[in-house]
Amino acid sequence: MNAAQVAGDPLLQPYRLKHLTLRNRIMSTAHEPAYAEDGLPKERYRLYHAEKAKGGIALTMTAGSAIVSPDSPAAFGNLHAYRDEIVPWLREMTDACHEHGAAVMIQITHLGRRTNWNKADWLPVLAPSPLREPAHRAFPKEAEDWDLDRITADYADAAERMQAAGLDGIEIEAYGHLLDGFWSPATNQRTDEHGGSLDNRLRFTRRVLAAIRDRVGSDFIVGIRMVADEDWDKGLSRAEGIDIARRLVGDGAIDFLNVIRGHIDTDAALAKVIPIQGMAAAPHLDFAGEVRAATRFPVFHAARINDVATARHAIAEGRLDMVGMTRAHLADPHIARKIAQGREADIRPCVGATYCLDRIYEGHEALCIHNAATGREATMPHVIRRNARARRNVVVVGGGPAGLEAARVAAARGHQVTVLEAAPHAGGQVRLAAQTPRRRELIGIIDWRLEQCEAAGVRFQFNTLAEAEDVLALAPDMVFIATGGLPNTDVLEAGGDLVVSSWDLLAGDVRPGASVLVFDDNGGHPGMQAAELAARAGSRVEIVTPERFFAPEMGGLNHVPYAALFQETGTRITINTRLVAVARRGNGLVATLGSDYGPQRTERAVDQVVVEHGTLPLSELYFALKPHARNRGEIDWRTVINGGDPFPGRNPEGTFQLARIGDAVAARNVHAAIYEALRLAKDL
C-alpha cells in the first residue's frame, strides 16, 4: 500500500483506549495455546506472542484464561495467575511485545465448573449452583460465602500481579466460567442474595470488579469478555445480556467490552460460539454491533473473522472498535504487516480446520494445520531467509502438502526447484478432502502454496509419473520424495477384494450403495467424510470402529457437524467392533463383525463395505534412488532436532541428498507432512 491507502484503510487506523494508543484495529483475543511450562509463560509462550508483535498486531490478549485461584485448576494448560512466580515471566513477555510496538493484555478468570476436581490439588469444583457441566463432567459444589470472599481477594491479587508485570491491561472472563455462571438462569438456581433478580445475579461480579479497581487504581485498563446472549432457551437472553452490558458500563469499573454470543457447556454449543469450516463466517458480528450501539462503549469481538475483507468491514461499518482475528494469526502472525505493505495476497489463510482448538480441547498444545512454525518459533521460521550460499537444484516428487511445502521453502531459500506431479493438478489428499463441500476451504492449504511457489519461479511438471531416470536426468542436488500413499484396505481375514476405500467414494470413482458399512480403523476425517457422503446421498449407513468412540483422532469441534448429520440421517454407530471378513451373498455382501473383547461374531447384510485404514507409502521411487544418494536416504534426526546438517555423507559416489517426507514415509496428517517438509528444507 502507498501512504494514501494506509491512511484510508480502516484496519490500519490507530485506536485510543483510555491512555493507551493501539497502532491499528487488529487484535488476537485470549486463547490458551498450552505452551506454558508449570503454569508459567516461559520462552515458547513469549516467542509465540512476540511473533505476532513483529507481525504488526496492535494488541495480543494472552492466556485463555489465567487462573486466579488454586481451586480453579487448569483445564487447558492455563497460566497460573495466582502465583507470584508468574510476574517476571510475564514481564519478559510484555517487554518483548512492547519492543515490537504491540500492546499486551491478559485474561484472568476463575473457571468455575468448567474444569475438573481430579487434577492439581484435587480441590472441589465450585459453581453458583451444583449443576454439572457436560463438557468437563464435574459435579460442582455450590459456592459458599467464604468461597466468594476468598475468590474476590484472589481476583484482586491476580490483577495486582498483572499490573506489576507491566501488562497494558487485563480482561475478566465471563462466559462459561464462574462470574457469568451467576448471571445465567441456566446455571444459577440460588435463593440467597446471589439469585433471582439481575442485580442479585450481578452482585458477585460487581464485588470482584470493585476489589480489582481498589487494588490497581483507576488508570489501569480493565475490560470484560462477556456473554451478552447465551442463545439458549433456558439461559441468558439477548435483552438481559445487553442490560448487563449497560449496567457494567454504567458502573464505571470497566474500559471495554469483548462480546460473545452463545454457551459453551457442550461441543455442539461451543461450535456455534467458535464456528469451524463449513459454518457461516462472522456469525455474531452484527450482534456485537448491536451491543456497541446499545452501550456506546468500546467493543471487541472475535468469532471466525478469518479474512481481511470481513475484518475491514467490521471496523468500517462501526460494528467493532477492535477486531479479533485469533485463529487467523495462528495461520499467519504477520497479517497487519502484510496489509500495510500491500501484500494481502501473501497472507497464509486460515482454512477453518480448527486443528488448533481441537488439539487444545484434547489436552495438547495449539498447532495450526498448515503453519508448522506457530508455537515453534524457537526453531522454525515464519519468514524464510534467502540462502547466501550457492544455488542448488532441488527436485520434489509429489505435489501434495508435503511436496508443496518443501518446494515453497526451498524456493524461498533461493534454490531452483522443479516439482514432478503424477496428477494433472496439485493437492494430493487435501484436494480429495476438499471434495466435501463443507470442507472445501481446505484447498487454501494448496492454493496458497501454489501461489507462493509460482511467484518464486518453481517449475511444475504435471501428469508426470516420475521414474528414477526422470529424476536423475534433472541433475539434482537435493531430492524430496513426497509421493504420499495409497489406501490400505488389505486388513481383513477374507474378502479384501470386495471392499472399496474412503478415497473411492470421495473421489467419485465409486457411488455409494443403498446400504453402506464404513469400517473406520483410522479415526480421522477420511472415514467420517466417506460416511457423510453416503449418508447425504441417501444411503443407510453404519459406521463400525474398534475404538471406544468414533473418530478419536478428530477433536470435539470437528466432531459436531458429523454427529449432527449422523443423527439427522439415522446413521448407526457401532463401537468396540472390528470388521473381520466380507463375502458375497446373492446380489449383496455380508460383513462379519468381531470384537477385541470376546469371540462372538455377528453379520451385516449390506450393498457396500468401505474400509478406512490409512495409507501405505508409495515408496518405490525412493528406494530406486537410494543407491544414488550421498546420504542413501538417511536423515540424522538428532541434528534435525538439535540443529545441524541432517543429511550424512554415507556414499561418496552419490550426487545428491535424498529425503522422504509426509505420507511417503507413513500415514499421518497434513500438519505432520508440512512440519516435516519445513524442518528439512529450511536450512538448505
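Parameters at a glance
Residues numbered from 1 in each chain as written. Predicted model: local features only at pLDDT ≥ 70, side-chain atom pairs only at ≥ 80, totals over all residues. Heavy atoms only, no water. Helix = DSSP H or I, 4+ residues; strand = E, 2+ residues; numbered from the N terminus. Rg over C-alpha atoms; globule rule 2.2 N^0.38 Å. Buried < 20%, exposed > 50% of the residue type's maximum accessible area, 1.4 Å probe, protein only. Contact = heavy atoms within 4.5 Å. Areas by Shrake-Rupley, 256 points an atom, 1.4 Å probe, with all protein chains shown as cover. Pairing = 2+ DSSP bridges. Axes fitted to C-alpha atoms, helices over the stretch in contact; angles between N-to-C directions. UniProt positions renumbered as here; feature names shortened; annotations may be inferred. Domains from an automatic or database assignment. Buried area = accessible area lost by both parts, 1.4 Å probe. Salt bridge = Lys/Arg side-chain N within 4 Å of Asp/Glu carboxyl O. Polar contact = N/O pair within 3.5 Å; in protein donor to acceptor, adjacent residues only side chain to side chain. Nonpolar A, V, L, I, M, F, W, Y, C, P; charged D, E, K, R; others polar. 1 Å grid on protein atoms, 1.4 Å probe; cavity = no way out; pocket = protein on both sides within 12 Å on 5 of 7 lines; lining within 4 Å. Points joined across faces, edges and corners; volume = space filled by probe spheres on them. Expected span 1.5 Å × (residues − 1). Parallel < 35°, antiparallel > 145°, perpendicular 65-115°, else oblique. Left-handed = near helix turned anticlockwise from the far one by under 90°. Phe/Tyr/Trp six-rings, centres within 6.5 Å; stacked < 30°, edge-to-face > 60°.

## A short note on the overall build of the protein chain
Here is step 1 of the chain: Each helix and strand counted, the protein chain has 23 helices and 27 strands in total.
Here is step 2 of the chain: The C-alpha atoms of the protein chain give a radius of gyration of 27 Å, which matches the 26 Å a tight globule of 684 residues would have.
Here is step 3 of the chain: Within the protein chain, buried positions represent 59% of all 684 residues.
Here is step 4 of the chain: Partitioning the contacts of the protein chain with sequence separation of at least 6, the portion at a separation of at least 24 is 71%.
Here is step 5 of the chain: Element-wise, carbon and sulfur atoms account for 48% of the exposed surface of the protein chain, whose accessible area totals about 26400 Å².

## A short note on the sheet that holds strand β23 (residues 588-595)
Here is step 1 of the chain: The three strands lie next to each other as β22-β23-β24, forming an open sheet whose pairing is antiparallel. Of all strands in the sheet, those bounded by a partner on one side alone are β22 (578-585) and β24 (598-606). For this sheet, the mean inter-axis angle between neighbouring strands, taken without regard to orientation, is 20°.
Here is step 2 of the chain: Of the pairings in the sheet, the one linking β23 to β24 comprises six bridges and is antiparallel in character. Each residue of the ladder has a partner; that of leucine 589, found in β24, is valine 606.

## Some thoughts on the environment of arginine 343
Here is step 1 of the chain: Residue placement: arginine 343 occurs in the loop between α12 (335-340) and α13 (355-361).
Here is step 2 of the chain: Along the sequence, arginine 343 and histidine 31 sit 312 residues apart, while their C-alpha atoms lie 27 Å from each other.
Here is step 3 of the chain: In contact with arginine 343, not counting residues within four places along its chain, are Arg337 and Lys338.

## Comments concerning the UniProt feature "domain: FAD/NAD(P)-binding" (unreviewed entry) in the protein chain
Here is step 1 of the chain: Sites flagged by UniProt as "domain: FAD/NAD(P)-binding" (unreviewed entry) map to residues 381-496.
Here is step 2 of the chain: Split by type, residues 381-496 is 32% helix and 17% strand. Its first and last C-alpha atoms lie 45 Å apart.

## Quick word on the domain arrangement of the protein chain
For interface size, the figure often reported is the accessible area lost on association.
Here is step 1 of the chain: Domain annotation of the protein chain identifies domain 1 (3-339 + 349-362), domain 2 (393-484 + 618-682) and domain 3 (487-615).
Here is step 2 of the chain: The straight-line distance from the C-alpha centre of domain 1 to that of domain 3 is 41 Å.
Here is step 3 of the chain: Domain 1 puts twelve residues into the contact, and the matching count from domain 3 is six residues.
Here is step 4 of the chain: A combined buried area of about 780 Å² lies between domain 1 and domain 3, and 62% of that area is made up of carbon and sulfur atoms.
Here is step 5 of the chain: Interface area lost by domain 1 to domain 3 is led by Asp267, Ile276 and Asp358, which between them contribute 54%.
Here is step 6 of the chain: Where domain 1 packs against domain 3, one counts zero salt bridges.
Here is step 7 of the chain: Counting across the domain 1 and domain 3 interface gives four residue pairs in polar contact (both at pLDDT 80 or more).
Here is step 8 of the chain: Of all elements in the fold, only α8 (267-273) and α13 reach the threshold of two or more residues within the side of domain 1 that touches domain 3.
Here is step 9 of the chain: For the side of domain 1 that touches domain 3, the element with the most residues is α8, which contributes four residues.
Here is step 10 of the chain: Of the residues that constitute the side of domain 1 that touches domain 3, the class distribution is eight nonpolar, one polar and three charged.

## Regarding the UniProt feature "domain: NADH:flavin oxidoreductase/NADH oxidase N-terminal" (unreviewed entry) in the protein chain
Here is step 1 of the chain: Mapped onto the present numbering, the UniProt feature "domain: NADH:flavin oxidoreductase/NADH oxidase N-terminal" (unreviewed entry) falls at residues 11-345.
Here is step 2 of the chain: For residues 11-345, helix accounts for 37% and strand for 17%, while the C-alpha atoms at its two ends are 16 Å apart.

## Notes on helix α9 (residues 285-295)
Here is step 1 of the chain: Buried within α9 we find Leu285, Phe287, Ala288, Gly289, Val291 and Thr295.
Here is step 2 of the chain: On its buried side, α9 packs onto β9 (221-229), α7 (238-251), β10 (256-261), β11 (299-301) and α10 (308-316).
Here is step 3 of the chain: Looking one or two residues past α9, arginine 296 carries a phi angle of roughly 50°, positive in sign.

## Some details on the layout of surface pockets
Vacant regions in the atomic arrangement are exposed by a probe of water-molecule size rolled over the atoms.
Here is step 1 of the chain: Taken as a whole, the second largest pocket encloses approximately 580 Å³ of empty space.
Here is step 2 of the chain: For the second largest pocket, the lining is made up of 26 residues, of which Ala135, Arg137, Asp267, Tyr361 and Glu362 are closest to its centre.
Here is step 3 of the chain: Among the secondary structure elements, those contributing two or more residues to the lining of the second largest pocket are α8, α13 and α20 (556-569).
Here is step 4 of the chain: The class makeup of the residues in the lining of the second largest pocket is twelve nonpolar, eight polar and six charged.
Here is step 5 of the chain: Each of domain 1 (3-339 + 349-362) and domain 3 (487-615) contributes no fewer than three residues to the lining of the second largest pocket.

## Remarks on the sheet that holds strand β5 (residues 103-109)
Here is step 1 of the chain: The strand order β3-β4-β5-β8-β9-β10-β11-β12 describes a closed barrel built from eight strands, whose pairing is parallel. Strand-to-strand twist of the sheet, defined as the mean angle between neighbouring strand axes without regard to direction, takes the value 30°.
Here is step 2 of the chain: As paired strands, β5 and strand β8 (residues 169-174) are joined by four bridges and run parallel to one another. Along β8, the bridge assignment pairs isoleucine 106 with isoleucine 170.
Here is step 3 of the chain: Seen against the sheet, helix α2 (residues 43-54) touches β3 (26-28) and β4 (59-67) and runs at an angle of roughly 150° to β4.
Here is step 4 of the chain: Together, β9 and β10 form the strand contacts of α7, whose direction differs from that of β9 by roughly 165°.

## Quick word on helix α16 (residues 443-455)
Owing to its 3.6 residues per turn, the α-helix aligns residues three or four sequence positions apart on the same side.
Here is step 1 of the chain: Taking 1.5 Å of rise per residue, 13 residues should cover 18 Å, and α16 covers 18 Å from first to last C-alpha, within 8% of that figure.
Here is step 2 of the chain: Here α16 has its buried residues at Gly444, Ile445, Ile446, Trp448, Arg449, Leu450 and Cys453.
Here is step 3 of the chain: Buried residues along α16 sit in contact with α14 (401-412), α15 (428-433), β15 (459-461) and α23 (670-681).
Here is step 4 of the chain: Downstream of α16 by one or two residues, glycine 457 has phi in the positive range, about 85°.

## Some details on the packing of α14 against α23
Each pair of packed helices can be described by the angle between their axes along with the distance between the axes.
Here is step 1 of the chain: In the contact formed by α14 and α23, the axes pass within 8 Å of each other and the chain directions differ by 30°. Here α14 is positioned roughly parallel relative to α23, judged by the angle of their axes. Where α14 crosses over α23, the two elements pack in a sense that is right-handed. Residues Pro401, Ala402, Glu405, Ala406, Val409 and Ala410 of α14 lie in contact with α23, whose contacting residues are Val670, Ala673, Ile674, Ala677, Leu678 and Ala681.
Here is step 2 of the chain: Here the contact of α14 with α23 is built from residues that sort into eleven nonpolar, no polar and one charged.

## Side note on the packing of aromatic side chains
Here is step 1 of the chain: Scanning the entire structure with this criterion turns up nine aromatic pairs.
Here is step 2 of the chain: Aromatic pair phenylalanine 182 and phenylalanine 204: ring centres 5.3 Å apart, planes at 50°, arrangement tilted. Pair noted here: phenylalanine 182 is in helix α5 (residues 178-183) and phenylalanine 204 is in helix α6 (residues 198-216), with a separation of 22 residues, a long-range link.
Here is step 3 of the chain: Judged by its relative accessible area of 0%, phenylalanine 182 is buried.
Here is step 4 of the chain: Phenylalanine 204 sits in the buried class, given a relative accessible area of 0%.

## Observations regarding empty space enclosed by the protein
Here is step 1 of the chain: Throughout the structure, instances matching the rule amount to three cavities of 30 Å³ or more.
Here is step 2 of the chain: One number sums up the size of the largest cavity: a volume of about 550 Å³.
Here is step 3 of the chain: Around the largest cavity sit 37 residues that line it, and Ala30, Tyr175, Arg225, Ile274 and Leu357 are the ones nearest its centre.
Here is step 4 of the chain: For the lining of the largest cavity, the secondary-structure elements that each account for two or more residues are β4, β10, α8, α11 (326-331) and α13.
Here is step 5 of the chain: The greatest single-element share of the lining of the largest cavity, amounting to four residues, is contributed by α11.
Here is step 6 of the chain: Residues belonging to the lining of the largest cavity are distributed by class as follows: 18 nonpolar, twelve polar and seven charged.
Here is step 7 of the chain: The volume enclosed by the second largest cavity comes to roughly 190 Å³.
Here is step 8 of the chain: Lining of the second largest cavity is provided by 20 residues; of these, Arg113, Gly176, His177, Asp180 and Thr187 occupy positions nearest its centre.
Here is step 9 of the chain: It is α5 that provides the largest number of residues to the lining of the second largest cavity, a total of three residues.

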